[in-house]
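Listed below, chain by chain, are the residues.
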Amino acid sequence: MKLRHMFAAVAILGLLTSCQSMLAMLTPKAEPAMVAQVMAKADEIRFSPARKLGKSKNSRMALKAGQWVTTLTRDTGASGNVTLSTTRIISISGSTVVMETESYSALDKCERQLAQITLANYPVKGALSYSQAEYDNTIQTIKIIKLVTKTGDQPVQEMPEQLLVMSQHMAKNIAAASVRSGDMITDACKTDYLDSSLCYSFNYSVSVMGITRSGKSVNHSEIPVNGLIHMDSQDMVMETIAFGTSGAKSQL
């Protein structure tokens, strides 16, 4: 099992895929042909023209089974990697949420990666961003109950209980990129995929597994699952390119 796929079900994954600059010479380079394959898949899914959204509320849409969101993450650093990820809400029981992510990465030869993660104490209703105190009081109670993965045509694998217990501290970082530095601001926002006259944005700084990332996150309440329109850091850009509020089903 590839542990780096552990948090593929969460938007923050894009923050963890780049190596530190001092390791740039050791970073694998994405093949142009593989990048083109991922981008071709993105073109099949993306909103075109850009989807018009209303004015955002200041809270995230409540999670419901069937919601899905697709993001495109570009590594603007050494690797030049691109990753297309669709996260689906499979089921919800109280505060226990089952999410599943299907992803394609140029560095993985565009091979399909599936990861289904069951989380307890997950905020079904949440804010678009959190102060550090709010985050400490709510998000950090998240617990990983189960994780299963599938790579290409290989059999489904479940993370052993021993590794699951060891990885619980990582669950506390799942939504760390939603912790704002300073205040949220409102402004119009537009990407190639989404357009609104009122969005919420904030600066963030997050350290996970010894890697610190900081940048700006732009959010909107009409986007399910993660509320994300655009996020950037020193060497990464992540954008939502499509979403839906119903119809998502497990691929495992």
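In what follows, the structure referred to is the one given above.
Quantities reported herein were computed from a predicted structural model and do not represent experimental measurements.

**As for the environment of Asp 153**
Relative to the assigned elements, Asp 153 resides in the loop between strand E6 (143-151) and strand E7 (157-158). For Asp 153, a relative accessible area of 80% translates into the label exposed. Sequence spacing of Asp 153 and Gln 113 is 40 residues, and the spatial spacing of their C-alpha atoms is 9.7 Å.

**Comments concerning the side chain of Asp 195**
For Asp 195, the location among the structural elements is in strand E9 (residues 194-208). Not counting chain neighbours up to four residues away, the residues in contact with Asp 195 comprise Arg 51, Lys 52, Leu 53, Cys 189 and Lys 190.

**Concerning the packing of aromatic side chains**
A full pass over the atoms with the stated rule returns one aromatic pair. Relative to Phe 243, the ring of Phe 47 has its centre 5.4 Å away and its plane inclined at 90 degrees; by these criteria the two rings are edge-to-face. Of the two residues, Phe 47 is situated in the loop between helix H1 (32-45) and strand E1 (51-52) and Phe 243 in strand E12 (residues 236-244); the sequence distance between them amounts to 196 residues. Here Phe 47 matches Phe 243 in class, with each residue buried. The ring of Tyr 104 has Lys 41 lying over it, and the distance from NZ or CZ to the ring centre is 4.6 Å. Positioned over the ring face of Phe 47 is Arg 51, at 4.2 Å from the centre of the ring.

**Quick look at the state of the cysteines**
For the structure shown, the criterion picks out one disulfide. Disulfide pairing places Cys 189 opposite Cys 199 at an S-S distance of 1.9 Å. Taking the sign of the S-S torsion, -45 degrees for the link of Cys 189 and Cys 199, the bridge is left-handed. Taken together, the residues span a long stretch of sequence, with Cys 189 in strand E8 (residues 180-190) and Cys 199 in strand E9 at a distance of ten residues. For the residue pair Cys 189 and Cys 199, the accessibility class agrees, reading buried in each case.

Reading the values: the criteria
Residues numbered from 1 in each chain as written. Predicted model: local features only at pLDDT ≥ 70, side-chain atom pairs only at ≥ 80, totals over all residues. Heavy atoms only, no water. Helix = DSSP H or I, 4+ residues; strand = E, 2+ residues; numbered from the N terminus. Buried < 20%, exposed > 50% of the residue type's maximum accessible area, 1.4 Å probe, protein only. Contact = heavy atoms within 4.5 Å. Phe/Tyr/Trp six-rings, centres within 6.5 Å; stacked < 30°, edge-to-face > 60°. Lys NZ or Arg CZ within 6 Å of the ring centre and 35° of its normal. Disulfide = S-S within 2.5 Å.

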